[in-house]
Amino acid sequence: MLVADTYLGHRDDATVAEDIDTSDHATVVLSDTERQRSRVRTETTDGCDLGIVVARDLADGDVLEAEDGTLVVVELAAIEALVLDFADSDVSPTAALELGHAVGNRHWNLAVRDRETLFPVTDSKERMETTVAELLPADVPTRYEHVPPTTFDDEGVDHTHRDGTGMHDGGGHSHGGGHAHDHGVRTIDGGDQ
């Protein structure tokens, strides 16, 4: 089994990109759960048995090195999200608070992208739709969309803590290696589910 145990950086980093271009590298697709584990046993996209041993959350585009020098490019499997589109709505503060209270009681994580609110699908779609249906103004359409799991990461991104500690100014998030990504998304951690 190939074991990738060294984090090299991100494929957007110039030196890492050059190393990828000049090597016969492997690719691995990780689930949201797998990317957060320090040890994972999986397979590369070409079927090679792979162990990943790194003490960090992995992001799409991260590059690892195996003990034999093989580079491994990490890709993340998209997750499904319920999207509430407030772009053409004039939601009253009361309606917004009622909706926020209802989803807060469910401890749903959420992300805000422009005038849209996204929730990862962690329950049945029917239950999620029922939770928001009675409180959602009629002019707010909903849909489902596949998004990167990092959409709901709160490391370094504007977010409010449940304990009332307030807002932190971030705007983007960093994956180490000297690069940051600004996805125009704010996240709010819904806590343990």
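Going by the structure above, here's the rest.
Remember, it's a predicted structure, so these values are computed and weren't measured experimentally. (Residues numbered from 1 in each chain as written. Predicted model: local features only at pLDDT ≥ 70, side-chain atom pairs only at ≥ 80, totals over all residues. Heavy atoms only, no water.)

**Examining the packing of aromatic side chains**
- Per the counting criterion, the structure on display carries 1 aromatic pair.
- Ring centres of Trp108 and Phe119 lie 5.2 Å apart, and the angle between their planes is 65°; this geometry places the pair in the edge-to-face category. Taken as a pair, Trp108 in the loop between helix 3 (93-105) and strand 8 (110-113) and Phe119 in strand 9 (residues 116-120) lie far apart in primary sequence, 11 residues in all. Per residue, the accessibility class of Trp108 equals that of Phe119, and both read buried.
- The ring of Tyr7 is capped by Arg56, whose NZ or CZ atom sits 3.7 Å from the centre of that ring. (Phe/Tyr/Trp six-rings, centres within 6.5 Å; stacked < 30°, edge-to-face > 60°. Helix = DSSP H or I, 4+ residues; strand = E, 2+ residues; numbered from the N terminus. Buried < 20%, exposed > 50% of the residue type's maximum accessible area, 1.4 Å probe, protein only. Lys NZ or Arg CZ within 6 Å of the ring centre and 35° of its normal.)

**Examining the nonpolar core**
- Counting residues in each nonpolar core, the largest one holds 16 residues, and the members touching the most others are Leu30, Ile52, Leu58 and Leu64.
- Only strand 1 (2-10), strand 2 (26-30), strand 4 (49-53), strand 5 (62-66) and strand 6 (71-76) provide two or more residues apiece to this core.
- Ignoring anything within four residues of it in the chain, the contact list for Leu30 reads Arg35, Val40, Thr42, Ile52, Leu58, Val74, Glu75, Leu76 and Ala77.
- The next biggest cluster of nonpolar side chains, apart from the first, holds 12 residues, and it includes Phe119, Met128, Leu136 and Val140. (Core = buried A, V, L, I, M, F, W, Y, C linked by side-chain atoms within 4.5 Å. Contact = heavy atoms within 4.5 Å.)

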